[in-house]
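# Topology and contacts: notes
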Amino acid sequence: MELATILAGLGDAFTPLNLCFVLGGVVLGQFVGAMPGIGPVMTIAIAIPFTFALDPLPAIGFLVGVNKGGLIGGAIPAILINTPGTPDAAATALDGHPLCRRGKPVKAMKMALYSSVTGDTFSDLVLITIAAPLAVVALKMGPVEIFALMVFAFAVIAGLIGESVTKGIIATAFGLLCATVGLDPEHTTPRFIFGFFELYDGFPIAAVAIGALAVGEIFRRLAMMEGKVRPAVKIPRGQKPGDARVRWREYWACRFVLLRGAAIGTTLGAIPGMGSTAAAFMSYASARQSAKKPETFGKGALAGIAATESANSSVAGADFIPLLTLGLPGSASAALLISAFLIQGIQPGPLLFEEQGRLIYGLFGAMIMANAANFFSGLLGLRLWSRLVMAPESAVFCAALLLCIVGVYLATGGVFGVMVMLLFALLGLGMTTLGYPVVVFIIAFFLGPRFELAMGQTATILDGSIAALARHPVAVALLCLAVFLVYWLGIRKPRSRTAKDSRP
Amino acid sequence: MKITIERIAALLIIAAGLFLLFFVIPRETETVEYGWIAPRTAPTVAAAILIGAAAVQLFSNSGDAARWRPVIVLRAAAFFAMVAAAVLAMPHLGFRVVAPVLALAIMLTVRERRRRWLLFGAAALPAVIWWVVVELLGRRLP
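The structure contained in this document is the topic of the report that follows.

About the thresholds
- Residues numbered from 1 in each chain as written.
- Chains lettered and ligands numbered in written order.
- Predicted model: local features only at pLDDT ≥ 70, side-chain atom pairs only at ≥ 80, totals over all residues.
- Heavy atoms only, no water.
- Helix = DSSP H or I, 4+ residues; strand = E, 2+ residues; numbered from the N terminus.
- Rg over C-alpha atoms; globule rule 2.2 N^0.38 Å.
- Buried < 20%, exposed > 50% of the residue type's maximum accessible area, 1.4 Å probe, protein only.
- Contact = heavy atoms within 4.5 Å.
- Areas by Shrake-Rupley, 256 points an atom, 1.4 Å probe, with all protein chains shown as cover.
- Lys, Arg positive; Asp, Glu negative; His and termini not counted.
- Charge placed at Lys NZ, Arg CZ, Asp CG, Glu CD.
- Core = buried A, V, L, I, M, F, W, Y, C linked by side-chain atoms within 4.5 Å.
- Phe/Tyr/Trp six-rings, centres within 6.5 Å; stacked < 30°, edge-to-face > 60°.
- Axes fitted to C-alpha atoms, helices over the stretch in contact; angles between N-to-C directions.
- Parallel < 35°, antiparallel > 145°, perpendicular 65-115°, else oblique.
- Left-handed = near helix turned anticlockwise from the far one by under 90°.
- Buried area = accessible area lost by both parts, 1.4 Å probe.
- Salt bridge = Lys/Arg side-chain N within 4 Å of Asp/Glu carboxyl O.
- Polar contact = N/O pair within 3.5 Å; in protein donor to acceptor, adjacent residues only side chain to side chain.
- Nonpolar A, V, L, I, M, F, W, Y, C, P; charged D, E, K, R; others polar.

### Here's the deal with the overall build of chain A
Counting its regular elements, chain A contains 23 helices and two strands. Here chain A has a C-alpha radius of gyration of 23 Å; the compact-globule value for 504 residues is 23 Å, and the two agree. Looking at chain A as a whole, 61% of its 504 residues qualify as buried. Long-range pairs, those at least 24 residues apart, make up 79% of the contacts in chain A between residues at least 6 apart in sequence. Roughly 19,200 Å² of accessible area belongs to chain A as shown, and the carbon and sulfur atoms make up 66% of that amount. Side-chain charges of chain A comprise 36 positive and 26 negative groups, with the mean position of each set lying 18 Å from the other.

Listed below in structure tokens is the structure:
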């Protein structure tokens, strides 16, 4: 990558307009993250149609800001009312809430903020350093290797997200099946149109993403509401400075915990399917194990908050490693960002660094800006966001639902798209109720057309002969790994778990 | 073999997969004589994987889905019907009529009775969305 491209990209990012969009995204992310039930994933889904009119960099910078802001916002209700705003903040509640009950809610929230920004910055630096060299390696792969890599990625995602491998495989197959609606990539003949000409281009991406990820969840949350009002949280005023502030020596004492958390989060985040929740709990367990006083964990230890928040926030940057270098999303937010890229006419993958290098370095600049914005917005807004915890879910979900309807209407240009959204909301609701991972379905749906194209190219290169695969050892290794992974996660691990459970 | 919701769901998936494989795919895809990958190849492979994985799910020793609560599912279905009716009515009655009614209906159904929040959801919220989309962004709403 030429230095001029890098500098031009960073120059594009550091403009007042982009700063406004990134800051707006961060503030919105913190705002929604602080409200249990909404979260950044739902917000990104709702916001995507409203970013159509923007240029790619401010649009994606805004969505990245929402994602990063949501990581900090999610910790606020976890600390204040022991109800995580986002699933990855669940581990933060282990020490954050006890510290809040000891009369130090602001201190707990500030530690979460500092740790989150530290972890996030660490993973962004790793991403900026290794993404371009990895993309160069990825570019050396041919269609056969890409096809094998996608099979491997589906195996990893199906195996790691959700409660069982078979359910993951069913969700993957269903996502691929839904992606075949519309013109087929090889012969351009229509498939599964059923007389609806609107389906010639397939199901609208925005309608599927918003329906399955946001509206389905809204229906579920509305159905689970039983008219209860959340308990009020009062942040005591006039606290002693020591109770409301994190001193430098307290932060510095957690430096190894922060670094380890960031390293765990970055490593797991780079693997598709390994979510931030797993990273947070793994980092917490590791910090507790290596602590001099492990008995303080669970009772309001700052190190506990540092471990979880640095780990779950560092996943946000690392998520971009497979997304940008291979075009493989590893989480719901990454899948939504892929849809934002596609809607903007950009195909994520290794070619992105060659074709859109300036945009990519602009995006990196926006990510660094988002971290700074997260820090300052968090410092100024913690008390304000903590009041949002009390916002009634009835109003919040009504707002989200109306925004989903309007967003999809604008994105698809009519009521047909909204009906498709409702169809996928029903599907998402059914899948969640029965324990089938919706995220896996969405990732498979987004990757479906590329997968089919790679399958066609592979068949042509191999001339229809499986034996010819021997000329592609990397592809063979990836396919073998995929089979092994399905065996390991689907048969070996559940069996050993059953044996352990049946032991007296 | 114990009948559970998980197993019933797996059976339904198998039935849907077979229906796709033998009825929908042959009728809704075109026959092409050239190339290694025909238009029906990818859907057929996906349907076959669906059936195979659902069959494994059917015979695996899985417990019942913990989240399955009929009351919740029925209530969710009621919300779905409410929103679907509103979306179908929107081209005829317009966003300005349907959105406030929908918001009010949902809020009352979830037992929201505080007037200021009802006013926020049913009046302020649709008005702000209308203003942002139509006036600020210059886009059309039904």
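### Thoughts on the nonpolar core
Counting 161 residues, the largest nonpolar core has Phe 219 and Met 421 of chain A as the members making the most contacts within it. Setting aside anything within four residues of it in sequence, one finds Phe 219 of chain A in contact with Leu 401, Leu 422, Ala 425 and Leu 429 of chain A together with Ala 76, Phe 79, Phe 80 and Val 83 of chain B.

### Section: the packing of aromatic side chains
All names here are of chain A. According to the stated counting rule, one finds 20 aromatic pairs over all chains in the structure shown. With a centroid separation of 6.5 Å and an interplanar angle of 85 degrees, the aromatic rings of Tyr 114 and Tyr 251 are classed as edge-to-face. Separated by 137 residues along the polypeptide, Tyr 114 in helix α7 (residues 105-139) and Tyr 251 in helix α12 (residues 248-253) bring together distant segments of the chain. In this structure, Tyr 114 and Tyr 251 share a single accessibility class: buried.

### Quick look at the packing of helix α9 (residues 165-179) of chain A against helix α22 (residues 438-461) of chain A
Residues and elements named next belong to chain A. Contact pair α9 / α22: the axes reach a minimum separation of 7 Å and the direction vectors enclose 45 degrees. When the axis of α9 is compared with that of α22, the two are oblique. Crossing handedness for the pair α9 and α22: right-handed. When α9 is examined against α22, the residues Gly 168, Ala 171, Thr 172, Phe 174, Gly 175, Leu 176, Cys 178 and Ala 179 are found in contact with a partner set consisting of Val 440, Phe 441, Ala 444, Phe 445, Gly 448, Pro 449 and Phe 451.

### Some words on the interface of chain B and chain A
Listed per partner, the contact involves 65 residues of chain B and 59 residues of chain A. Both faces considered, chain B and chain A share a buried interface measuring about 5,500 Å² in area, 78% of it formed by carbon and sulfur atoms. If you sort the residues of chain B by the area they bury against chain A, Trp 36, Ile 37 and Phe 80 of chain B come out on top, with a joint share of 12%. Here chain B and chain A share one salt bridge between them. Our count for the chain B to chain A interface comes out at nine residue pairs in polar contact (both at pLDDT 80 or more). When contributions to the side of chain B that touches chain A are tallied by element, the ones reaching two or more residues are α1 (5-28), α2 (41-59), α3 (70-93), α4 (95-109) and α5 (115-136) of chain B. At 12 residues, the largest contribution of residues to the side of chain B that touches chain A is made by α3 of chain B. Split into classes, the residues belonging to the side of chain B that touches chain A amount to 50 nonpolar, four polar and 11 charged.

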